[in-house]
Amino acid sequence: MTRKTKRVVSMVICVILALAMVLGIVLPAFADDLEDLQAQEQALQEEKETQQLLLDATEEELAEATALWETATAELMALDAQLLEVGKVIKGLEDNIAANETLLAETEAELETQRSDLKEYYAQFKGRIQMMYETNATSYLEVILSSSSIADMFSKLEYISEMVKYDNNILAEMDRVEKAIVASKETIEQTKTQLELDKAQKVIEQENLEDLLALKQIEVDNLNSNKLAVILMKQEQEAYLASLDDRIFETQVAIENEESRLAEESRLLEEQRQAAIRAEESRRQQLAEEEERRRQEAANNQSEEDGDTEEEDDDEEEYSGSGASSQPTGGDLDGSNADRALSYGWQSWPGIGSGELYWPVDCYLISSLYGPRIHPITGEYSNHGGLDIAAQYGQPIYAAASGTVVESSDGWNGGWGNYIKIDHGNGMSTLYAHQSERAVEVGEYVSMGQVIGYVGSTGMSTGPHLHFEVYVGGGRVDPELYL
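Calculation rules
- Residues numbered from 1 in each chain as written.
- Predicted model: local features only at pLDDT ≥ 70, side-chain atom pairs only at ≥ 80, totals over all residues.
- Heavy atoms only, no water.
- Phe/Tyr/Trp six-rings, centres within 6.5 Å; stacked < 30°, edge-to-face > 60°.
- Helix = DSSP H or I, 4+ residues; strand = E, 2+ residues; numbered from the N terminus.
- Buried < 20%, exposed > 50% of the residue type's maximum accessible area, 1.4 Å probe, protein only.
- Lys NZ or Arg CZ within 6 Å of the ring centre and 35° of its normal.
- Pairing = 2+ DSSP bridges.
- pLDDT = per-residue confidence, 0-100.
- Contact = heavy atoms within 4.5 Å.
- Core = buried A, V, L, I, M, F, W, Y, C linked by side-chain atoms within 4.5 Å.
- Salt bridge = Lys/Arg side-chain N within 4 Å of Asp/Glu carboxyl O.
- Patch = residues over 30% accessible without salt bridge, like charges linked within 9 Å, V, L, I, M, F, W, Y side chains within 5 Å.
- Areas by Shrake-Rupley, 256 points an atom, 1.4 Å probe, with all protein chains shown as cover.
- Lys, Arg positive; Asp, Glu negative; His and termini not counted.
- Charge placed at Lys NZ, Arg CZ, Asp CG, Glu CD.

### Quick look at the packing of aromatic side chains
- In this structure the tally under the stated criterion is four aromatic pairs.
- Pairing Trp 359 with Tyr 364 gives two aromatic rings, centres 5.3 Å apart and planes at 55 degrees, and the pair type is tilted.
- Relative to Phe 468, the ring of Tyr 432 lies with its centre 5.4 Å away and its plane at 50 degrees, an arrangement referred to as tilted. Placement of the pair is Tyr 432 in strand S9 (residues 428–438) and Phe 468 in strand S12 (residues 466–472), with a sequence separation of 36 residues. Grouping residues by exposure puts Tyr 432 and Phe 468 together as buried.
- Directly above the aromatic system of Trp 69 lies the positively charged group of Lys 227, at a separation of 3.6 Å from the ring centroid.

### Examining the pairing of strand S8 (residues 418–425)
- For S8, a buried count of six out of eight residues is recorded, marking the element as mostly surrounded by other parts of the structure.
- With five bridges connecting them, strand S7 (residues 403–409) and S8 associate as antiparallel partners. Note that in S8 the partner of Thr 404 across the bridge is Asp 423.
- Here S8 runs beside S9; their pairing, made up of six bridges, is antiparallel. Each bridged residue has a counterpart across the sheet, and for Gly 425 the counterpart in S9 is Met 428.
- Between the end of S8 and the start of S9, which pair antiparallel, lie two residues, with Asn 426 showing a positive phi angle near 55 degrees.

### Here's the deal with the confidence of the model for the protein chain
- With 74% of its residues at a pLDDT of at least 70, the protein chain reaches an overall mean of 77.
- Confidence drops under a pLDDT of 50 for residues 1–30, and excluding neighbours within four residues, the segment shows 34 contacts in the predicted structure.
- Considering only residues more than four positions removed or in separate chains, one finds that residues 306–348, a stretch of pLDDT under 50, has 46 contacts.

### Examining the nonpolar core
- Within the largest apolar cluster, 34 residues are counted, with the highest numbers of intra-cluster contacts made by Leu 357, Val 361, Ile 422, Tyr 432, Ile 452 and Phe 468.
- Counting only elements with at least two residues in this core, the list comes to helix H3 (150–301), strand S2 (365–368), strand S5 (387–389), strand S6 (396–398), S8, S9, strand S11 (451–455) and S12.
- It is S12 that provides the largest number of residues to this core, a total of three residues.
- Within the second largest apolar cluster, 11 residues are counted, among which are Trp 69, Leu 76, Leu 213 and Val 220.

### Describing the pattern of salt bridges
- Under the definition given, this model contains 16 salt bridges.
- Salt-bridge contacts for Lys 48 lead to Asp 245; the nearest nitrogen and oxygen are separated by 2.8 Å. With Lys 48 in helix H1 (residues 3–134) and Asp 245 in helix H3, this pair connects stretches of sequence that are 197 residues apart.
- Its relative accessible area of 28% is what places Lys 48 among the partly exposed residues.
- Residue classification places Asp 245 among the partly exposed positions, given a relative accessible area of 33%.
- For Arg 438, the salt bridge identified is with Asp 410, shortest N-O distance 3.6 Å.

### What to know about a negative patch on the surface
- Taken together, the side chains of Asp 32, Asp 33, Glu 35 and Asp 36 make up a negatively charged region of the molecular surface.
- Among the secondary structure elements, Asp 33 is positioned in helix H1.

### Digging into the environment of Glu 250
- Note on placement: Glu 250 falls in helix H3.
- Between the C-alpha atoms of Glu 250 and Glu 41, which are 209 residues apart in sequence, the distance is 9.3 Å.

Listed below in structure tokens is the structure:
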């Protein structure tokens, strides 16, 4: 083997060793980055599992708190109903007392009339006695003894008998009237006394119920505050879980990009190594062919000087090894976060406003905010009077606050589809549109957080979502101010 051939072989070996060293340094470095990302994803998944367990426990706590609050609220309403019934009884007793007093007044007037009659009878009796006295007939015996004959005596006896009978009737009437007066007064007074006792007992019962109602109201308020605190904690946990999902997604994208970049770097390095090997083999083949040609020429010339010696070619080219290869580098994520934002839409969360209203659905993905926009169906520029929450079909819809259902309708309804409207008092009401199914009817009283329907796509809708509106003083306002 000539010295030139040895140099060529040595150069090929050096190139191969250099490429091997590059692969040995670059690829493990990429692999370390990939392992770090995979470890990060694993840690995030474990954190998500832990947070999910905490959320499950919070949901159980919320269910218990809600049950206690609903029980206390039902007891409060029962006490209120009892208080109302006692009030009705007291009103009835008061009416009876008033009627009894009227009857007493009428009875006393009647008794007064009877007393007047009695006085008249008494005056007549005294007149007759006076007449008898004035005629000197002071006794029945004198009347009999003064008779002139037996017929006159019987006539006088009959007269006297009638007078006695009349006197007895007067006395009996006086006794009857006196007894009627006493009996009437006793009956009326007893009735009045009993009614007043009954009223006093009902008033005491009413006061006791009012005390119980006040205590139960305090209990309901405390339970409601506890329920709201658990709801807030649940919302915070759900928001944190959502952020973990985002971070896991971003890590998975980074892992996929890193794997793609690693595969691409390996491919490029392998291609460069194979190209270098092929280039050196080609150069070695050319040099070998040149060497063979020179040997043939020397053999044909039969030169003694050159026949036994192999000369070195002064014009021999030296291998320069020029043309360094460049290592490809992986690009950035090419705006993956921006792409995700475009695909997922606006994001929101509970508590960005005053917190007066409960978040109406278990989803915080906002597809359309309150205010001016291009309508997704008509293409017209118009004002969007509510908040579109991109919940899944069939998800439960919750009452944002306690109140009375004032509207509940299915059908087109001007594009709202199936919808419900709740009056919360103090000039505030809320509306829930595009429902697949309604769970309450007009006149029902609903509590904050109670299921009132389910997400759908009825009416003018591009897909399942909840269109949520808030009215204050009869006008629509931005719901996010109160969530």
